[in-house]
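# Per-entry structural report
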Amino acid sequence: MAGDIPTASPHERIGEQLARGAAGVRRSRSRSYQRRFPHHHSHQARNDGGDSSSSDSGENLVTARRRTMRRRGSMDAKTSIPRRFLIDIEVVEKALLEQEDSNNDFQITIEDTGPKVLKVPTASSGGFRTFEVRGTYMLSNLLQEMALAQDRGLKQIVIDEDRLSENPVDRLSRMIRTVFWNGLVRCMDESGIQAICADPKNTTPGSRPIIYVPHSDEPALEYYTQMARDLSQLQIQVVRLPKDITPQYVNSINSKFGVLSLAADVSHDAGGRLVYRPLPFVVPGGRFNEQYGWDSYFEALGLLVDGRWQLAKNMVDNFAYEIKHYGKILNANRSYYLTRSQPPFLTDMILKVFEALPAATAAEREQNLDWLRRSLDAAITEYIEVWTSAPRFDAKTGLSCYHTTGVGMPPETESTHFDHIIAPFAERLGVSVEEYKALYNADEINEPELDDFFVHDRAVRESGHDTSYRLELRCANLATIDLNCLLYKYEVDIADALDEHFGGYFKWSGGRETTAAEWRMRSETRRQSINKHMWNEAKGLYFDYDVVLGEQSVYETVTATWALWAGCATPAQARRLVEASCRKFEVSGGLVSGTEESRGEISLQRPNRQWDFPFGWAPHQIMAWYGLYNYGYVDVARRFAYRWLFTITQAFVDFNGVVPEKFDVVNMTHRFEVEYGNVGADFKKVAREGFGWMNASYQVGLTYLTSHMRRALGTLTPPDVFFRKANWKVDATPSHSPTSTPIPIPFFISEAGTPRARPQSNALFNALRSLKIRNGAAVLPQISSDTVYSESSGTPSDDAPSRDPPDSDADMATAPPAASSAGRPVTRSVASGDDKQEPASSN
C-alpha cells in the first residue's frame, strides 16, 4: 500500500478520497475496520470481483453470510483508542453537502435522501486512511462542528468521534449551555447596538435606526448621543421621550420604529467623565431581537440552572428600569410596545435570582438585600399601578384582565395582516384598504366596531397568547385564569418576602408603608374571587371569566394548571384538576394548549391559531411541572416532562440540531404551516441560538427526570414505550390522594428548577397544615423522620403515616406560620402571634 501513495498534498488526497463519494464507500475499509470485521470484508471483496479464497478465517461462505453487520450508533461500545478525524473544513463540508443535502437547505436531516455514509480522513493516519461516519445524527453533528469551527475562523480541525456520536441529551444540554445562551445575548453598547437596532418587524424601506431614551434618564441621553456621533456610519437617531408617554404619542411614532434604552451600570471616573455600561440580556431569538416580558422569566429559569445568574439579574434590573421610566414591564423594549405589557412573573423571578446570588460574605448579603429591596419596590409599583388599576382591574369581581391603552392598528404586524378586517369598512367608505388604514391611524375615522376589535387584538398580544380562539374578539373582557394566578403569586411572594427579609414592613416608593398582612389579605381576597368566578367543580377545571357577560368561558385551557404553580388551589381542587388535565391536555408530545373541542373546526375560512390545539409551548409545560411538583404529583410532573423533552430531543436528532419556538405535540413535529411560522427552524448548517424559552424548558425539564428516565431519553425511547416497560402510571390519575400528600409541600428534592423546601403563605400550605388547635395554639403537624419518599413518584411509602386532609376551605384563610432559617416548622400563638421554634418530631 505504501508504494501506491501519491505525492499529492494531504489536502488533495482528502479531496480525492471524498470526491469518490458514495461509490467509494463500498470499495474501501480502514485497516482497523478490517480487523474488527474480517469476514464481512472478505465477503464484500468477493462480491466486488475479488479472490474468494482470500478469506483466512477458516469459516465457509455460508457461515460468513450468517454474520450480519449492524449500524454503529451513539450507544455502541467504543474502541480502546479514541478515534479522531482530520478535517479540512472546506473540502469535507463541500463533499458532505453535495452527497447528503438533497433538498439544498444546508442541513442534514431525515428528509434528505443521501446514502447517509461519508468516509472521513482519520487523524492518526495523517489523512491517509478514512473511516465511515454513518447516519443522519452523526453526519449532521459533523456539519455543525465544522460550522462552529468556521465561526471561530478555523479552516482545519480535529474532531473526536465521541463528539459526533455524543449522547443527544448531553449534546443538546451542552449546546444550550455553551452556544445557544451566548448566541442570544444582546447589549445596547457600542459593540452590540447595531445587532439590536436591526428589527425584522420593521418593513419601512431606508429607515434609520432610532434609540428612544426616557425623559428623566440624563446619563442614557448623554451616552447614546455620543454613541451616535462615534458611530456616524450607522446614522443612529437619538430621541428623548416626553415626560408623559400617552397612547396618542405612541401612535404618532408608530411609523418610526425604534429600540428603547434599558438599564446600565452608571458611574463617573476620577476625572468626572461618565462611565456608562449597558447591561447584557437575553432575547428569545429569530425575529424577536429585544428583551421580552414573559419570555425573560422562563429564560431566567434556564439561565439559573446553568449558573448564569448575572444575566438573569440583569434582566430583572431591566424590568425595574422599564417600570420606572415606561410605567410597566413592556411587551418588549421597542417603541410600538409602549402601551402594553405581558404576563407578570416579576416577583417569582426576583426571588429565584435572589436565592442564586453569591452570599458568602456579609457585604454580599447586604448588597443582595439592597437589590431585593429595590426590585420588590418595582414589583409593588407594577402591581398597583398596572394590574390593579384601570383599565385592567375589574372592581366588581376583584379580578384583573389584559387590557392595553393603545390606539390605532398594532404596527409591528405584517403590512397586510389586518387587510381582511379592514376591507369591509373600506368598501363601505368607498376607499382602498391602504387609504382606510392611513385615515384610521390618523384618527380621521370614527369606527367604534373597529376600535373594539383592536382593543381585544392588543389585549391578546398582551396576554402572550397571540393568537387563540380562546381570546379572539373578547380578550379585554376576560379575567383569565393565568393572569389572576400570576397576580395571586405576586401577593403571596411579596407577603413572604416582607416577612422573611424586612420584618413584615416595607416603605414603598409610592409614598406609603405596606405590610405583609396587607398582602396576605389581598391574596386571600383574590383566591376567593378565583374560586367564586373561575372554578368549575363539575368539570374539575378553572375557566376564564367574562366580566362583561358575567359568565365563565367554555374554552378548556391548559393554563388552568397555573393555579397549581401559584398554589391557590386546595388539595381537593388540585386532585380534580390533575385528573382533568391528564385526560384533556396530555398528548404524545407533552401538554397541548387547549382541547380540540374548544378550538372548534378548522377550515380555509377559519385557519388554525398557534396557541390552540394541536400546539404545545414551553411556558405551559414548565408551569405545569412546577405546579404538579408543588402538590406532590411528582410522577405526573415527570411523565409530562419526559414527553416534552422527548419531542425536543427527537427533533434535535432528526433535524440537524433544531430547537424551535413551538411544537405540534399531537403529531410530535415542528414542521407545520401556521400563522407567524415557527421561529428557530430556519438556519444554515448549525443552530446558534435555539429559542429562548425552549432552551430553558430543556434545562429545567432535565432536573425533573430520574437517572433512569434520562438514560431512556438518551436512547430516544418513545414515551409510551418507556412508560409501558417501566410500569409507569399512565392511567390519567395522580399518584396519591390528597390525604397522603406529603407536608410541607414541596419537600422532595433541592434540584435546580424545582420547588424549594421553603414554606409559603399560599392556599396550598394553609390547607396542608391541617391546623390542630391545642390550648389556643395552632400547631403545625411534624414530618416523621421515618417517612420515606419514593424516587419515582415522590409519594410516601406504604408504611409512612397518613395525613388528614383539611377539614374545610376555611383552613385556607388561616394566617400562615413563620419559618425558621433552617426550614423547620414553627408554631404561632393564635392569641399573641408570637413564633416559637418546635423541634422536628423523631417519631
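Residues numbered from 1 in each chain as written. Predicted model: local features only at pLDDT ≥ 70, side-chain atom pairs only at ≥ 80, totals over all residues. Heavy atoms only, no water.

### Some remarks on the overall build of the chain
Worth spelling out the cut-off: Secondary structure elements follow DSSP: runs of H or I of four or more residues count as helices, runs of E of two or more count as strands, with numbering from the N terminus. With a 1.4 Å probe rolled over the protein chains alone, any residue whose accessible area is under 20% of its type maximum counts as buried; one over 50% counts as exposed, and the rest are partly exposed. We call two residues contacting when some pair of their heavy atoms lies within 4.5 Å. The method behind every accessible area is Shrake-Rupley, applied with a 1.4 Å probe, and residues are considered shielded solely by the protein chains displayed.
Broken down by element type, the chain carries 30 helices and 28 strands. Out of the 843 residues belonging to the chain, those deemed buried represent 57%. For the chain, long-range pairs separated by at least 24 residues make up 71% of all intrachain contacts whose partners lie at least 6 apart in sequence. Surface exposure of the chain reaches about 35,400 Å², of which carbon and sulfur atoms provide 50%.

### Considering the sheet that holds strand β7 (residues 237-240)
Pairing between sheet strands relies on hydrogen bonds along the backbone, with the strands arranged either parallel or antiparallel. Rules: The rule for pairing is simple: two strands pair if DSSP sees at least two bridges between them. The angle between two axes is taken between their N-to-C directions and runs from 0 to 180 degrees, where each axis is a line fitted to C-alpha atoms and a helix contributes only its stretch in contact.
The sheet built from three strands is open, its strands ordered β7-β6-β8 with parallel pairing. Single-partner strands in this sheet number two, and they are β7 and β8 (259-260). Note that strand β6 (residues 210-213) and β8 share two bridges and pair parallel. By the bridge assignment, Y212 is partnered in β8 with L260. Contacting β6 and β7, helix α11 (residues 218-230) runs over the sheet at an angle of about 160 degrees to β7.

### Here we look at the packing of aromatic side chains
Here is the rule: Two aromatic rings, drawn from Phe, Tyr or Trp (for Trp, its six-membered ring), form a pair once their centres lie within 6.5 Å of each other, and the interplanar angle then sorts them: stacked below 30 degrees, edge-to-face above 60, tilted otherwise. Only lysine NZ and arginine CZ atoms are considered, and such an atom sits over a ring when it is within 6 Å of the ring centre and within 35 degrees of the ring normal.
Under the definition given, this model contains 40 aromatic pairs. Each ring, one from F298 and one from W693, has its centre 6.3 Å from the other, and the planes form 80 degrees; the classification is edge-to-face. Here F298 is found in helix α13 (residues 293-305), whereas its partner W693 is found in helix α27 (residues 692-702), with 395 residues between them in sequence. Taking relative accessible area as the criterion, F298 reaches 0% and is therefore assigned buried. Above the ring of W387, the side-chain terminus of R392 is found at 5.5 Å from the ring centroid.

### Things to note about the pairing of strand β9 (residues 264-268)
Relative to strand β10 (residues 274-278), β9 runs antiparallel, the two being bridged by five bridges. From the neighbouring strand, S267 faces β10, where its bridge partner is V275. Connecting β9 to the antiparallel partner β10 that follows it, the hairpin turn spans five residues, and G272 within it adopts a positive phi of roughly 85 degrees.

### A look at the pairing of strand β2 (residues 117-121)
For β2, the buried fraction is high: five of the five residues fall into the buried class. The two faces of β2 match: V117, K119 and P121 on one face and L118 and V120 on the other face are all buried.

### Concerning the packing of helix α25 (residues 618-630) against helix α26 (residues 634-654)
Here is the rule we go by: The scheme is simple: roughly parallel for angles under 35 degrees, roughly antiparallel for over 145, roughly perpendicular for 65 to 115, oblique for anything else. Crossings are classed by handedness, with left-handed meaning an anticlockwise turn of the near helix from the far one by less than a right angle and right-handed meaning a clockwise turn. Gly is put with the polar residues, along with every residue not named as nonpolar or charged; the nonpolar set is Ala, Val, Leu, Ile, Met, Phe, Trp, Tyr, Cys and Pro, and the charged set is Asp, Glu, Lys and Arg.
Taken N-terminus to C-terminus, the directions of α25 and α26 make an angle of 160 degrees; their axes are 7 Å apart at the nearest point. When the axis of α25 is compared with that of α26, the two are roughly antiparallel. Along this stretch, α25 crosses α26, giving a crossing that reads as left-handed. Mapping the contact onto sequence places A618, Q621, W625, L628 and Y629 in α25 and V634, V636, A637, R638, F640, A641 and W644 in α26. In terms of residue class, the contact of α25 with α26 is built from 10 nonpolar, one polar and one charged.

### Points about unusual backbone geometry
The step from A390 to P391 runs through a cis peptide bond, and the omega angle for that step is 5 degrees. With respect to the helices and strands, the residue P391 is situated in the loop between α16 (362-387) and β12 (393-394). A cis geometry characterises the amide bond from D466 onward to T467, with omega recorded as 10 degrees. A positive phi is found at Q235, a non-glycine position, where the angle reads about 55 degrees. Locating Q235 in the fold gives a position in the loop between α11 and β7.

### Re the environment of T113
Assignment of secondary structure puts T113 in the loop between α6 (89-100) and β2. For the pair T113 and Q99, spaced 14 residues apart in sequence, the C-alpha to C-alpha distance is 9.1 Å.

### Focus on the sheet that holds strand β14 (residues 478-479)
With respect to topology, three strands assemble into an open sheet ordered β14-β19-β20, the strand pairing being antiparallel. Lying at the two open borders of the sheet, with one neighbouring strand each, are β14 and β20 (551-552). Looking at chain direction, β14 and strand β19 (residues 545-546) are connected through two bridges and run antiparallel. If you follow A479 over to β19, its bridge partner there is Y545.

### Looking at the environment of N368
With respect to the secondary-structure elements, N368 resides in helix α16. The class for N368 is buried, based on a relative accessible area of 9%. Separated by 14 residues in sequence, N368 and F354 have C-alpha atoms that sit 6.9 Å apart. N368 has contacts with F354, L357, P358 and A359, leaving out every residue within four places of it along the chain.

### A look at the nonpolar core
Put simply, the rule reads: What makes a nonpolar core is a set of buried Ala, Val, Leu, Ile, Met, Phe, Trp, Tyr and Cys residues whose side-chain atoms join them at distances within 4.5 Å.
Grouped together as the largest cluster of nonpolar side chains are 191 residues, with contacts concentrated most on I193 and Y542. In terms of residue count, the dominant contributor to this core is α26 (13 residues). When residues no more than four places from it in sequence are discounted, the contact partners of I193 are C187, M188, I211, M227, L231, L234 and I236. Membership of the second largest hydrophobic core comes to 20 residues, among which are L97, M146, A149 and L164.

### Thoughts on helix α15 (residues 346-356)
Of all 11 residues in α15, nine are buried, a share of seventy percent or more. Where α15 is concerned, the buried positions are L346, T347, D348, M349, I350, L351, K352, V353 and F354.

### Looking at the packing of helix α20 (residues 481-501) against helix α21 (residues 516-533)
Put simply, α20 and α21 touch, their axes get as near as 8 Å, and they point 160 degrees apart. Viewed along their axes, α20 and α21 adopt a mutual orientation that is roughly antiparallel. The interaxial crossing formed by α20 with α21 has left-handed handedness. Contacts between α20 and α21 involve I481, N484, C485, L487, Y488, E491, V492, I494, A495, D496, L498 and D499 on the former and, on the latter, A516, W519, R520, R522, S523, R526, R527 and I530. The class makeup of the residues in the contact of α20 with α21 is 11 nonpolar, two polar and seven charged.

### Some words on the pattern of salt bridges
Using the following cut-off: Whenever Lys or Arg places a side-chain nitrogen within 4 Å of a carboxyl oxygen from Asp or Glu, that contact is recorded as a salt bridge.
Under the defined criterion, the tally for this structure stands at 47 salt bridges. Among the salt bridges present, the one from E145 reaches R163, with a minimum N-O distance of 3.7 Å. Here E145, found in helix α7 (residues 136-151), pairs with R163, found in helix α8 (residues 161-164); they are 18 residues apart in sequence, far enough to count as distant.

### Points about a negative patch on the surface
Put simply, the test is: Residues with no salt bridge and a relative accessible area higher than 30% make up the patches, which join like charges within 9 Å and nonpolar side chains (Val, Leu, Ile, Met, Phe, Trp, Tyr) within 5 Å. Think of it this way: Lys and Arg go in the positive column, Asp and Glu in the negative one, and His and the chain ends go nowhere. By convention, the charge on Lys lies at NZ, on Arg at CZ, on Asp at CG and on Glu at CD.
Where like charges cluster on the molecular surface, the negative patch consists of D443, E444, E449, D451 and D452. As for its position among the elements, D443 is in the loop between α18 (433-441) and α19 (448-463).

### Observations regarding α7
Put simply, the test is: For a helix, the expected span equals 1.5 Å multiplied by the residue count minus one.
Helix length check: α7, at 16 residues, gives a terminal C-alpha distance of 23 Å against a target of 22 Å (1.5 Å per residue), a fit within 8%. In terms of burial, α7 is largely enclosed, as 14 of its 16 residues are buried. Where α7 ends, the next residue or the one after it, G153, has phi of about 80 degrees, a positive value.

### Examining the side chain of T561
Along the polypeptide, T561 turns up in the loop between β20 and α22 (562-566). The exposure class of T561 is buried, given its relative accessible area of 5%. What T561 contacts, discounting residues up to four positions off in sequence, is L577, S581 and A624.

### Quick look at the environment of D295
Here D295 lies in helix α13. Taking relative accessible area as the criterion, D295 reaches 6% and is therefore assigned buried. Remark: the alpha-carbon pair of D295 and G464, spanning 169 residues in sequence, is separated by 9.1 Å. Contacts of D295, omitting those with residues within four sequence positions, involve P284, Q342, F691 and W693.

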